[in-house]
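Working through the structure, step by step
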Amino acid sequence: MLLGLSLLAFIGFSAVSVPKLTNVHFGDLEFTGWSGPMGSRLLDGDVPYRDFVLPIPPGSFAMLALVERLTGEPRLIHELWLNAVIHALLGLIAYAIAAPITSRFNAALVAATTLVALTYLNKECAYDHTAQLWSWGALALGLRGVLASGKSRRRWWMGAGLAAGCTFFFKQSTGVGAIGGWSVGLVYLAAVELFSGRYRGARERGRDAEHFALGAGAGLLLVWLFVVALGSSFGEYFTAVFRDGSELKGGTMALLGNVLSYVARYNAFPASLGFVFLLGAVGVRILAKQGWHLGDEPSRTNPTGPAPWLLATAVLATFGGAAALLNARLPPFQPKVVYYFDSLDRLPAFGLAFGIAFFVFHLQKVGPEPDDGVVADPRRVGHLLNALMLAALVSSILHNTSAPEFRPFYDNNPVIPVALMMLFVAFDRAELPKVKAAVVVLALASLFGDRFARSMEATTRVGSVGHWAGLRVSERGADMVRVAVRVQELAGPAGTVLVLPEDVQLTALIGKNRPPLRGAIAFVDQYPASVLAHDVDVLDANPPQVIVVHPADAFKWMRFYRIWSGDSAAESLLKHVTGKLLPEHYVLDSSHETRFHADADRLDIWVRK
């Protein structure tokens, strides 16, 4: 019942929140709506990785192209709704991950709090969401594989491999994580069997790996056939998505260095001395009450804590109250209040801390495997849960390798439901039902952080025409609409427009022809060096009618570029435009006050002389 109520409440909240655009430009925090415009290019007959080059697989582009074909027009709200639908599906998968391990009520709580966590994350690009849908599916199917026996076990592992392989339709780092996650998990399980002298068990894990690899191979074959069907080739896809994708993030060694840095340098969770003391106290209580070994957790069918209807009421109050606040058009929360709500998004990280503790206590030799299934041996089940933990964590880390800092809960990673599950199970083990209820409520309250505050600002209706049709925006979003209208006037019916550094969402909002650049997105981690010379020649030969530059402060965009690269092709293109083309061919039409992340800045509109 709680699962169904959570999904209904989330859908109701989404009906109010989805039209409220929060990231109106990438300076607002993250990227929004970068798949839909690429889908429009597919409908125009452009061939990916040949006519337009970028390091993103084409799956999400094709999905948005289909939506555009069915609706008759490209709109950002379509991509936002696709993301919301995927969030609901991820909530169901979160339940599927938790249900075999803990009580169904706990699994429903995991699903509800996962829906909240997915909602307050900032990135709204369909390629991330579609990729993670398959990655989470691979995790859930693999879990069924490690718990199954007989012929069904083979089918689960082939399904897990197929889901992991199909992730490459949408995003390469997520696909690498999906395959790498269960690969590490299976290696761990085989090592446990060998260490325990169970050579037959090790061979069985080898067969599981074979079935997983077979499914993954089938998924990769489907990706290849799909790329060819789009008119491209696997070689062009591989070069753009894997070789260029790695180089644009700093190169393979830099990405490997990031992974090492995650483990050795960055905090796993933020905590004061007081919180560390409380975690230690809970740990001691777990040891005294039910112990740190979760081997018998699948047999736990009775929920602990207050009456389920109380927590169900909390879930409904959270999503219903949030929808009511957005409908009421009240002023946004004060910054200090937003800060405290934002701080609650650290709770899943504490679940990760408990999960690591459970992992350590599960490191025991296993006895003979019974004939009636693996779940009969608590020690063996503990290792299966360790494999799940490894698969989720490795999958999440590899998805995030482009980020120099460790942030497993910044994106919609599969470690989220696993960490939340470990958090709730820990308080069950400590027999602290009231504390657990409080933690659930706090996890639900994290919905009201910065993302929600920005949604409260989105009260201005855009209208029924253009890429933002059907949306409501903040005053800054209204500024972007005014910018788009002015650029449209300057460009005229046939003029071309270039936005630098490029936010695809703003380019689509302007809605004018872009110069025929081969680089699909002139942004630091999307623009490969192989297209630079061609694109510079194109701009020199026929400069666009209008150029939009934001941020106008070169130091700010250079500093932002340094996150990935100190000498990127996109920066070279931008320097060529601002240093050569603008002084020679353009006059400044207008400047608009804006911000780039938290800093005041401006957006400049340049028009040809």
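Residues numbered from 1 in each chain as written. Predicted model: local features only at pLDDT ≥ 70, side-chain atom pairs only at ≥ 80, totals over all residues. Heavy atoms only, no water.

Okay, the overall build of the protein next. Helix and strand content of the protein: 24 helices and six strands. For the protein, whose C-alpha radius of gyration is 25 Å, the value lies close to the compact-globule estimate of 25 Å for 609 residues. Each principal axis of the C-alpha atoms in the protein carries an extent, and together these give about 80 × 55 × 45 Å. Residues classed as buried in the protein amount to 58% of the 609 residues present. Considering only contacts in the protein between residues 6 or more positions apart, those separated by 24 or more positions represent 76%. Accessible surface for the protein amounts to roughly 23,700 Å². Of this, 63% is attributable to carbon and sulfur atoms. The protein carries 53 positive and 49 negative side-chain charges, and their two centres are separated by 6 Å. (Helix = DSSP H or I, 4+ residues; strand = E, 2+ residues; numbered from the N terminus. Rg over C-alpha atoms; globule rule 2.2 N^0.38 Å. Buried < 20%, exposed > 50% of the residue type's maximum accessible area, 1.4 Å probe, protein only. Contact = heavy atoms within 4.5 Å. Areas by Shrake-Rupley, 256 points an atom, 1.4 Å probe, with all protein chains shown as cover. Lys, Arg positive; Asp, Glu negative; His and termini not counted. Charge placed at Lys NZ, Arg CZ, Asp CG, Glu CD.)

Another point: the sheet that holds strand S5 (residues 586–596). Reading across from one edge, S3-S4-S6-S5 is the order of the four strands in this open sheet, with mixed pairing throughout. Edge positions in the sheet fall to strand S3 (497–500) and S5, since each of these pairs with one other strand and no more. Ignoring which end each strand starts from, the neighbouring axes of this sheet average 15 degrees apart. Relative to strand S6 (residues 599–608), S5 runs antiparallel, the two being bridged by ten bridges. Pairing of Leu588 across the sheet is with Trp606, part of S6. This element, helix H23 (residues 554–561), spans S5 and S6 of the sheet and lies at about 105 degrees to S6. In the packing of helix H24 (residues 569–585) onto the sheet, the strands contacted are S3, strand S4 (546–549), S5 and S6, and the crossing angle to S5 comes to about 140 degrees. (Pairing = 2+ DSSP bridges. Axes fitted to C-alpha atoms, helices over the stretch in contact; angles between N-to-C directions.)

As a further point, take the confidence of the model for the protein. The predicted model of the protein averages 91 in pLDDT, with 96% of residues at 70 or higher. When mean pLDDT is taken per element in the protein, S4 scores highest with 98 and helix H11 (residues 252–264) scores lowest with 81. (pLDDT = per-residue confidence, 0-100.)

It is worth spelling out the packing of aromatic side chains at this point. With the rule as written, the count across this model stands at 37 aromatic pairs. Ring centres 5.2 Å apart and planes at 90 degrees place the aromatic pair Trp157 and Trp182 in the edge-to-face group. Of this pair, Trp157 sits in helix H7 (residues 151–166) while Trp182 sits in helix H8 (residues 172–195), and the two are 25 residues apart along the sequence. For the pair Trp157 and Trp182, a shared accessibility class is recorded, and that class is buried. Centre to centre, the rings of Trp157 and Phe212 are 6.0 Å apart; their planes meet at 90 degrees, and the pair counts as edge-to-face. Within this pair, whereas Trp157 is found in helix H7, its partner Phe212 is found in helix H9 (residues 199–229), the two being separated by 55 residues in sequence. For Trp157, a relative accessible area of 0% corresponds to the buried category. A connected cluster of aromatic rings, assembled from ring pairs, spans Phe26, Phe31, Trp34, Phe523, Trp557, Phe560, Tyr561, Trp564 and Phe596. (Phe/Tyr/Trp six-rings, centres within 6.5 Å; stacked < 30°, edge-to-face > 60°.)

With that settled, the discussion passes to the environment of His293. Along the chain, His293 turns up in the loop between helix H12 (273–289) and helix H13 (308–328). Aside from chain neighbours lying at most four places away, what touches His293 is Phe361, His362, Gln364, Pro378, Arg379, Gly382 and Arg429.

This next bit is on the side chain of Ser14. Its location among the elements puts Ser14 in helix H1 (residues 2–17). In this structure Ser14 touches Pro19, Trp81 and Ala84, once residues within four positions along its chain are discounted.

So, about helix H2 (residues 36–43). With respect to burial, H2 is a largely interior element, seven of its eight residues being buried. Regarding H2, the residues found buried are Gly36, Pro37, Met38, Gly39, Ser40, Arg41 and Leu42. In this structure, the buried side of H2 is in contact with helix H3 (59–71), helix H4 (76–98) and helix H21 (504–510). Gly45, located one to two residues past H2, shows a positive phi value of around 95 degrees.

Attention now moves to the pattern of salt bridges. Inspection of every chain in the model, using the stated rule, returns 30 salt bridges. Between Asp208 and Arg205 there is a salt bridge, and its shortest N-O distance comes to 3.0 Å. With Asp208 and Arg205 both in helix H9 and three residues apart, this pair spans about one turn of that helix. Grouping residues by exposure puts Asp208 and Arg205 together as buried. (Salt bridge = Lys/Arg side-chain N within 4 Å of Asp/Glu carboxyl O.)

Right, let's get into H12. Residues spaced three or four apart along an α-helix face the same direction, because each turn holds 3.6 residues. Look at H12: 24 Å from first C-alpha to last across 17 residues, which is about the 24 Å you get at 1.5 Å a residue. Of all the positions in H12, only Leu279, Val282, Gly283 and Ile286 are classed as buried. Here the buried residues of H12 occupy an arc of 105 degrees about the axis, which is enough to place them on one side. With respect to the buried face of H12, the exposed residues turned more than 90 degrees away are Leu273, Phe277, Val284 and Ala288. As for H12, its buried residues are in contact with helix H15 (347–361) and helix H17 (415–429). Positive backbone phi, approximately 90 degrees, marks Gly291, located one or two places after H12. (Expected span 1.5 Å × (residues − 1). Arc of directions from axis to C-beta.)

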